[in-house]
Amino acid sequence: MIRIDARELYQVLELTPPEQNILLVGKHGIGKSEIISHFYRQRQNLSVIPFFLGQMSDPGDLIGLLHKDETTGRSVFLPPYWWPDPDRPVVLFLDELNRARPEILQAVQDLTLNKTLAGKPLPPGSIVIAAVNAGEEYQLTELDPALVSRFNLYEFVPTVEDWLLWASGQDIDSRVLTFIQQHPEYLDGDNPDADAAIATAGLIKTPDRRAWAKVSDFVHNHTKLEEIHFKLIAGMVGSRASIAFRQSLATQRGLGPEQLLLQYSKYSRQLKDMEIQDFASLNERVLLWLNTGHCPETKADNARKNLLKYLQYLRKAKQQEAIAHFSSLVQSPKFSDAMGFVAESMDLIDFLSEYLEAIKV
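I will try to describe carefully the structure that is included in this document. The structure displayed is predicted, hence computed values, not measured ones.

Rules and cut-offs
Residues numbered from 1 in each chain as written. Predicted model: local features only at pLDDT ≥ 70, side-chain atom pairs only at ≥ 80, totals over all residues. Heavy atoms only, no water. Helix = DSSP H or I, 4+ residues; strand = E, 2+ residues; numbered from the N terminus. Buried < 20%, exposed > 50% of the residue type's maximum accessible area, 1.4 Å probe, protein only. Contact = heavy atoms within 4.5 Å. Salt bridge = Lys/Arg side-chain N within 4 Å of Asp/Glu carboxyl O. Phe/Tyr/Trp six-rings, centres within 6.5 Å; stacked < 30°, edge-to-face > 60°. Arc of directions from axis to C-beta. Axes fitted to C-alpha atoms, helices over the stretch in contact; angles between N-to-C directions. Parallel < 35°, antiparallel > 145°, perpendicular 65-115°, else oblique. Left-handed = near helix turned anticlockwise from the far one by under 90°. Nonpolar A, V, L, I, M, F, W, Y, C, P; charged D, E, K, R; others polar. Core = buried A, V, L, I, M, F, W, Y, C linked by side-chain atoms within 4.5 Å. Pairing = 2+ DSSP bridges.

**A word on the overall build of the protein**
And then number 1: What the protein contains, in helices and strands, is 18 helices and 10 strands.
And then number 2: Seen through its principal axes, the protein has C-alpha atoms that stretch 85 × 55 × 40 Å.
And then number 3: Among the 361 residues that make up the protein, the fraction classed as buried is 47%.
And then number 4: For the protein, long-range pairs separated by at least 24 residues make up 74% of all intrachain contacts whose partners lie at least 6 apart in sequence.

**Regarding the pattern of salt bridges**
And then number 1: Taken as a whole and judged by the stated rule, the model has 10 salt bridges.
And then number 2: Across the pair Arg3 and Glu155 runs a salt bridge, and its minimum N-O distance is 3.1 Å. Placement of the pair is Arg3 in strand E1 (residues 2-4) and Glu155 in strand E10 (residues 151-156), with a sequence separation of 152 residues.
And then number 3: By relative accessible area, which is 57% here, Arg3 ends up exposed.
And then number 4: Between Asp162 and Lys334 there is a salt bridge, with the nearest N and O atoms lying 2.6 Å from each other. Here Lys334 lies in the loop between helix H16 (320-330) and helix H17 (336-343) and Asp162 lies in helix H6 (residues 160-169), a separation of 172 residues in the sequence.
And then number 5: Relative accessible area serves as the criterion here: at 12%, Lys334 is assigned to the buried category.
And then number 6: Here the salt bridges do not stand alone but share partners, grouping Asp5, Asp162 and Lys334 into one network.

**Observations concerning the packing of aromatic side chains**
And then number 1: Inspection of the entire model under this criterion finds 11 aromatic pairs.
And then number 2: Their ring planes at 55 degrees and their centres at 6.2 Å tell us that Tyr10 and Phe39 sit as a pair that is tilted. Taken together, the residues span a long stretch of sequence, with Tyr10 in helix H1 (residues 6-15) and Phe39 in helix H2 (residues 32-43) at a distance of 29 residues. The pair Tyr10 / Phe39 is uniform in exposure class, with both members buried.
And then number 3: Pairing Phe179 with Trp212 gives two aromatic rings, centres 5.3 Å apart and planes at 50 degrees, and the pair type is tilted. Of this pair, Phe179 sits in helix H7 (residues 174-182) while Trp212 is found in helix H9 (residues 209-219), placing the two residues 33 residues apart along the sequence.

**Thoughts on H7**
A turn of α-helix holds 3.6 residues, and therefore any two residues three or four places apart point the same way.
And then number 1: Within H7, seven of the nine residues are buried, leaving the element largely enclosed by the surrounding structure.
And then number 2: Buried within H7 we find Arg175, Val176, Leu177, Thr178, Phe179, Ile180 and Gln181.
And then number 3: As for H7, its buried residues are in contact with H6, H9, helix H11 (239-249) and helix H14 (276-291).

**Overview of H16**
And then number 1: For H16, the full list of buried residues reads Ala322, Ile323, Phe326, Ser327, Leu329 and Val330. When H16 is viewed along its axis, its buried side chains cluster within an angular range of 165 degrees and face the same direction.

**Observations regarding the packing of H7 against H14**
And then number 1: Between H7 and H14, whose axes approach to 10 Å, the crossing angle comes to 125 degrees. Here H7 lies oblique to H14, going by the angle between them. Read as a crossing pair, H7 and H14 show a hand that is right-handed. Contact residues: Ser174, Thr178, Gln181 and Gln182 in H7; Ser281, Glu284, Arg285 and Leu288 in H14.
And then number 2: For the contact of H7 with H14, a count of residues per class yields one nonpolar, five polar and two charged.

**Details of the nonpolar core**
And then number 1: Counting residues in hydrophobic clusters, the biggest one holds 60 residues, and the most contacted among them are Trp163, Trp212 and Tyr310.
And then number 2: Among residues more than four places away in sequence, those in contact with Trp163 are Ile172, Val176, Leu177, Ile180, Leu187, Arg209 and Trp212.
And then number 3: If you look at the next biggest cluster of nonpolar residues, it comprises 27 residues, including Leu23, Met56, Leu92 and Leu97.

**Section: the sheet that holds E1**
And then number 1: In spatial order, the strands read E1-E10-E2-E9-E6-E3; together these six strands make up an open sheet with parallel pairing. The sheet terminates laterally at E1 and strand E3 (47-52), the two strands that pair on one side only. Across the sheet, the mean angle separating the axes of adjacent strands is 30 degrees when strand polarity is ignored.
And then number 2: Across the sheet, H1 lies against E1, strand E2 (21-26), strand E9 (127-133) and E10, angled at about 110 degrees from E1, the strand it touches most.

The following block contains the structure:
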């Protein structure tokens with residue numbers, strides 16, 4: 001199966017013709033629904049109609065209810081509540097496809113083959129996208145190969161960098177952002193140290209991307225976190241991840257991108273207390289901050305000057321590895337907007353040129 005990350009998923013959605021269906025395979029809570037909704041609503045101005053097929057108990061929820069036409073005496077299906085206007089193409093997002101009942105899947109067969117439901121065609125240009133969960137931890141329905149053959153099939157595996165870029169644009173709390181930068185293994189995955197009583201009941205709480213967004217919303221209003229706060233966080237991401245997050249907060253440095261780039265003279269003295277791993281984290285946070293457009297346009301020139309001062313400090317402090325790390329990151333396609341920001345300063349480009357050339361070689 002072809003694996004794609006978040007940036008590639010946007011490209012797949014853009015390049016796939018409307019008459020072709022897409023099926024995404026991936027874990028829960030990794031952003032499938034959000035990317036699909038954002039792409040089609042924001043970029044294509046199309047309505048996205050989600051269906052959680054695993055929660056449907058009757059095909060009528062999807063295709064509408066059977067009704068007698070008094071004029072013809074024949075039975076017809078009434079259009080369901082979501083049915084679009086004839087000239088308004090829509091995106092149907094069929095989530096939890098492999099949790100659907102067999103009778104629901106039968107209704108989906110015609111939809112995926114002919115873009116029709118109960119004999120009624122969807123407006124031209126309508127798009128069908130489905131998603132399935134994969135893994136032994138899910139209770140799933142085996143899909144008919146004939147149904148699967150009607151989809152272009154991709155395994156969606158977003159990277160940690162994908163989430164960090166998204167999180168920076170969503171103003172995820174900086175403590176959560178820094179923790180995931182330093183401990184990416186906790187972004188999603190298993191929790192082998194779940195409480196025995198909970199595990200015995202078959203309930204094992206594991207961290208995922210959606211859960212960390214909840215943690216961010218929770219801690220945003222709590223400058224100082226107490227014991228009870230970490231217990232609540234454990235309920236969101238599991239006890240192991242909560243403990244690691246708590247330990248991380250004790251070692252996180254306070255210097256952030258805004259202080260570095262907009263108030264360098266005030267905060268630069270903190271740099272002398274930082275180690276290589278701190279510089280690596282700060283480098284990434286700076287590029288995330290720039291890439292998502294947080295820098296005010298009126299302060300952009302000053303921010304570039306302060307970025308140069310930071311890099312010059314690293315050279316003076318003989319932190320060549322930190323400069324090389326920054327240079328490598330800024331060349332990544334995912335940081336293209338940040339690179340555009342940097343490229344506005346010839347002084348920055350001249351400074352980084354020897355490192356950029358070394359990376360190319």
